[in-house]
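What follows is the residue order along each chain.
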Amino acid sequence: MPIQRMQAKMLMEIRTWGKQLLLQFSGFTLRIHFLLFGSYTINEPKENRAPRLSLTFKNGTVYFYACSVRLLEEDLDDLYPWQADIMSDDWNAKRTRSLLLEQPELLVCDALLTQDLFAGSGNIIKNEVLFRKHLHPLNQIGYLPAKQLNALIKDVRQYAFLFLKWKKQYTLKKHWCVHNKSTCPRCLIPLKRAYLGKFKRRTFYCENCQVLFGHEKK
DNA sequence: CCGGTTGTTCAGCG
DNA sequence: GCGCTGAACAACCG
């Protein structure tokens with residue numbers, strides 16, 4: 001990475017899109033993604049490991065660890081659909097709904113991991129929101145009644161704010177209903193655990209409480 | 001000590 | 001070019 005290019009530059013703007021942190025300088029942007037294990041500190045470097053990147057400003061230094069760092073040249077508005085960000089003021093549920101309706105065969109467990117639809121959603125949010133909305137992970141978008149689809153889209157955003165609140169309180173895990181759990185908190189039967197969908201991520205769900213539409217008994 | 005994963009990207013293949 | 005698979009990365013938890 002051409003590190004000298006960053007010398008003496010002013011940080012113009014800090015933005016985010018989903019899980020990405022975007023540091024805008026004039027002429028280029030640094031894109032930071034913390035992946036599974038990344039972290040950052042300010043003014044307190046970690047003793048036992050080297051930062052992937054550190055940036056020193058007049059008022060302090062930020063250190064980034066175990067993350068992906070990329071240099072973007074493009075205009076961010078051309079790169080990112082801001083309306084897909086589930087925690088943004090610009091979030092547009094209607095946009096995501098109409099994109100979903102174009103893919104009736106898409107599984108809900110895959111939809112909730114697709115960043116262009118739900119930027120910021122991940123595997124924990126997927127598992128928890130599907131349980132909260134009583135939807136089986138293998139539902140196809142096209143079989144969902146409009147009411148259920150709208151409620152699902154709405155709850156991804158709502159749960160993301162709860163997630164953040166609980167995370168800040170260090171009580172996130174305590175609030176998990178199904179993720180990493182073995183028993184359904186609602187009906188007390190054992191939860192199913194499987195690697196589902198095209199992403200094949202760990203999926204926890206209750207076969208009793210989470211409905212599969214379009215597969216009614218004849 | 002070991003196995004698994006809150007996520008993404010890339011190489012390789014058919 | 002597409003879709004799929006496996007690997008790579010990396011730190012922490014149980």
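Check the entry above for the structure.
Residues numbered from 1 in each chain as written. Chains lettered and ligands numbered in written order. Predicted model: local features only at pLDDT ≥ 70, side-chain atom pairs only at ≥ 80, totals over all residues. Heavy atoms only, no water.

A. A look at the protein's contact with DNA strand C. Close contacts around DNA strand C come from Phe37, Arg49, Arg52, Ala66, Lys173 and Lys200, and that covers them all. Within 4 Å of the protein, the contacting atoms of DNA strand C are drawn from sugar and phosphate to the extent of 65%. Within the contact set of DNA strand C, a phosphate oxygen lies 3.3 Å away from a side-chain nitrogen or oxygen of Arg49. A distance of 3.4 Å separates a phosphate oxygen of DNA strand C from a polar side-chain atom of Lys200. Residue composition of the surface near DNA strand C, by class: two nonpolar, no polar and four charged. (Near = heavy atom within 4 Å. Polar contact = N/O pair within 3.5 Å; in protein donor to acceptor, adjacent residues only side chain to side chain. Nonpolar A, V, L, I, M, F, W, Y, C, P; charged D, E, K, R; others polar.)

B. Focus on the packing of helix H2 (residues 93-101) against helix H5 (residues 146-168). Put simply, H2 and H5 touch, their axes get as near as 10 Å, and they point 130° apart. Taken together, the axes of H2 and H5 lie oblique to each other. Taken as a pair, H2 and H5 cross one another with a handedness that is right-handed. Counted together, Ala93, Arg97, Leu100 and Leu101 of H2 and Leu149, Asn150 and Ile153 of H5 form the full contact between these two elements. Within the contact of H2 with H5, the residues separate by chemical class into five nonpolar, one polar and one charged. (Axes fitted to C-alpha atoms, helices over the stretch in contact; angles between N-to-C directions. Helix = DSSP H or I, 4+ residues; strand = E, 2+ residues; numbered from the N terminus. Parallel < 35°, antiparallel > 145°, perpendicular 65-115°, else oblique. Left-handed = near helix turned anticlockwise from the far one by under 90°. Contact = heavy atoms within 4.5 Å.)

C. Representation of the sheet that holds strand E6 (residues 60-65) within the structure. Pairing is antiparallel across the open sheet formed by three strands, whose spatial order is E4-E6-E5. In this open sheet, the two edge strands, each paired with only one partner strand, are strand E4 (39-42) and strand E5 (53-57). Each strand axis lies, on average, 15° off the axis of its neighbour in the sheet, ignoring direction. (Pairing = 2+ DSSP bridges.)

D. Highlighting H5. Look at H5: 34 Å from first C-alpha to last across 23 residues, which is about the 33 Å you get at 1.5 Å a residue. Restricting attention to buried positions, one finds in H5 the residues Leu149, Leu152, Ile153, Asp155, Val156, Tyr159, Ala160 and Trp166. Contact partners of the buried residues in H5: H2, helix H3 (108-111) and helix H4 (123-132). Remark: Tyr170 follows H5 within two positions and exhibits a positive phi of approximately 60°. (Expected span 1.5 Å × (residues − 1). Buried < 20%, exposed > 50% of the residue type's maximum accessible area, 1.4 Å probe, protein only.)

E. Molecular detail of the sheet that holds strand E1 (residues 11-17). Strand order in the open sheet formed by four strands is E1-E2-E3-E7, and the pairing between neighbours is antiparallel. Edge positions in the sheet fall to E1 and strand E7 (68-72), since each has one partner strand and no second. Neighbour-to-neighbour, the strand axes of this sheet turn through a mean angle of 20°, independent of strand direction. As paired elements, strand E3 (residues 28-33) and E7 share five bridges and run antiparallel to each other. For Thr29, the partnering residue across the bridge sits in E7 and is Leu72.

F. Focus on the pattern of salt bridges. The tally for this structure, following the rule as stated, stands at four salt bridges. Here Arg5 and Glu73 are joined by a salt bridge, their closest N and O atoms 3.0 Å apart. Separated by 68 residues along the polypeptide, Arg5 in the segment before E1 and Glu73 in the loop between E7 and helix H1 (76-79) bring together distant segments of the chain. Look at Arg5 and you get partly exposed, because its relative accessible area is 28%. (Salt bridge = Lys/Arg side-chain N within 4 Å of Asp/Glu carboxyl O.)

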